[in-house]
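Here is how the chains run, residue by residue.
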Amino acid sequence: MYWKAAYPVEEDSARGSSGSLWRNRDYLLLWLGQSVSSLGTGISQLAFPLLILAETRSPAAAGVAGALQQAPLVLFSLPAGALVDRWDRQRVMLLSTLGLLLCLASIPVALIIWRLTLAHLYIVAFAIGSCSTFYRLAQLGALTRLVPKAQMSTAVAQNEAAYSATSLLSPSLSGWLFSVAQFLPFAADAISYVILLGSLLNIRAPLQGERTTAKRSLLREVCEGIVWLWSHKLLRLLTFLAGYIELLLNGSILIVLVIAQQHGISAALAGVILGVGGIGNLAGTVLSAQAPLRRARFGRTLRGVMLAYALIWPFYGLAITPLFLGAVMILYSLIDSVAAIQMVSYRMTSVPEHLQGRVSSAYRMIPYAMVALGQALIGVSLQQLGVLPTVALLWAGLLFFALRLLISRKELA
């Protein structure tokens, strides 16, 4: 492949290069800690718009909070990627996790003393996005050190399986905890970060290869990641596609919550509706592990996934009953899971280890920008136009990407 020619072939230095990943101690520590943290994040992620809607009854305000959480991922991704490639990844992950712990813990404290404000929630949203930016980039690079390339797709599938399980449980738990007391979902997420801290502290393997000690321009290092990504035609296309898919995923949550509010569906039941999407995620993970899909060409699989996206998305505009909404969530989540496993596995095995942070940051910056701006616009559109016109507008963008992939046979060959 031409895009690898500019860099020397790297040894697969990941620990546990043979045998099952379940015997890879350091990978399991990262996987278990991340899984618990994902459950906590899922619980607080749904509670965040629920809390804002309860306080303000404004979808626009909830959309702004979502945009603020994504904004640091746009503002800081490029320099963060270069810095993560320089710094000790384990230390970056520890400090980022500690920051997330403090952010989430501040909300229960403010609720208990009756001092919670919308400004506080906006600040916390921005701070969470800032800490998450560094953590995610460091975690992606760490995974390439702990898992050999031959097992990367398996590791990504196992991560997706953990995400699927947490996405099945977390919305229901969030809705139930929120109905008991508004501070409980955020306290649960804070506890999950304590567990993640313990897991990270016990990882023994180095999470980065040897780095040059020569001082180099940060701007030059950032540009190296951008140039490498931009010269890779397929990853360049996937960058914009990943952004739109992420926008639809975040937008669907707000759409379901607004439908629930309009039709008198309780917060607990709304949580169950969002939670059943985890069934689809699990089904997508199992499907991705089957031989026919594993052996299928990446381009063919991706085109099929996009056609399925285009067929299912419009039903969000028609679903008004809990049963109908739940069925749409299951189907959409199944497709989303397959797409995520395919695209993440392809990217992580294509990028050289010493460029993981920089290329990942460049790859993710455009999706973050699309989600940050898009969430605010979706909130305004839902408030001003309603659910059906908003779903139709988002569907138009989805059709554009589906058609773009159908005619991109050369890039996806």
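Our structure is the block above this text.
Cut-offs used in this document
- For every chain, the first residue of the written sequence is number 1, and numbering continues from 1 along that sequence.
- Reporting of local features is limited, given that this is a predicted model, to residues whose pLDDT is at least 70; pairs of side-chain atoms are given and counted only at 80 or more, and all residues count toward the totals for whole chains, interfaces and linings.
- Calculated side-chain values reflect all of the structure's heavy atoms, with hydrogen atoms and water omitted.
- Think of a patch as exposed residues, more than 30% relative accessible area, with no salt bridge, where like charges cluster within 9 Å and nonpolar side chains (Val, Leu, Ile, Met, Phe, Trp, Tyr) cluster within 5 Å.
- Under the convention used here, a 1.4 Å probe and the Shrake-Rupley method define accessible areas, while residue burial counts only the protein chains that appear.
- We define a salt bridge as a side-chain nitrogen of Lys or Arg found within 4 Å of a carboxyl oxygen belonging to Asp or Glu.
- Where helices and strands are cited, they refer to DSSP runs of H or I of at least four residues and of E of at least two residues respectively, numbered from the N terminus.
- Here's how the labels work: a residue is buried when its accessible area is under 20% of the maximum for its type, exposed when over 50%, partly exposed in between, all with a 1.4 Å probe on protein chains only.
- Remark: nonpolar core denotes a set of buried residues (Ala, Val, Leu, Ile, Met, Phe, Trp, Tyr, Cys) joined through side-chain atoms within 4.5 Å.
- Residues are treated as being in contact if the distance between any of their heavy atoms lies within 4.5 Å.
- We call Phe, Tyr and Trp rings a pair once their centres come within 6.5 Å, taking the six-membered ring for Trp, and we label the pair stacked below 30 degrees between planes, edge-to-face above 60, and tilted otherwise.
- Criterion for a charge above a ring: Arg CZ or Lys NZ at most 6 Å from the ring centre, at most 35 degrees from the ring normal.

A. Up close: a nonpolar patch on the surface. Residues L169, L173, W176 and V180 make up a contiguous nonpolar surface patch of roughly 400 Å² in combined accessible area. Mapped onto the elements of the fold, L169 is located in helix α6 (residues 152–180).

B. Focus on the environment of E160. With respect to the helices, strands and loops of the structure, E160 is situated in helix α6. Overall, the relative accessible area of 11% leaves E160 in the buried class.

C. Quick look at helix α3 (residues 77–86). Burial runs high along α3: 8 of the 10 residues are buried. Restricting attention to buried positions, one finds in α3 the residues S77, L78, A80, G81, A82, L83, V84 and D85.

D. Molecular detail of the nonpolar core. Among the nonpolar cores identified, the biggest contains 116 residues, and Y27, F48, L238, L241, M306, Y309 and W313 are the most heavily contacted of them. The dominant element in this core, judged by the number of residues it contributes, is helix α9 (residues 233–262), at 17 residues. When near neighbours in sequence (up to four residues on either side) are disregarded, L241 contacts L302, M306, M343, F401 and L405.

E. Spotlight on the packing of aromatic side chains. Under the counting rule described, the total for this entry stands at 10 aromatic pairs. Seen in terms of ring centroids, W313 and Y332 are 5.7 Å apart; in terms of plane orientation they differ by 55 degrees. Their pairing is tilted. Separated by 19 residues along the polypeptide, W313 in the loop between α13 (298–312) and α14 (322–350) and Y332 in helix α14 bring together distant segments of the chain. The same class applies to W313 as to Y332, namely buried. Pairwise contacts between aromatic rings join Y309, W313, Y316 and Y332 into one cluster. Sitting above the plane of the W230 ring, R236 keeps its charged end 5.0 Å from the centroid.

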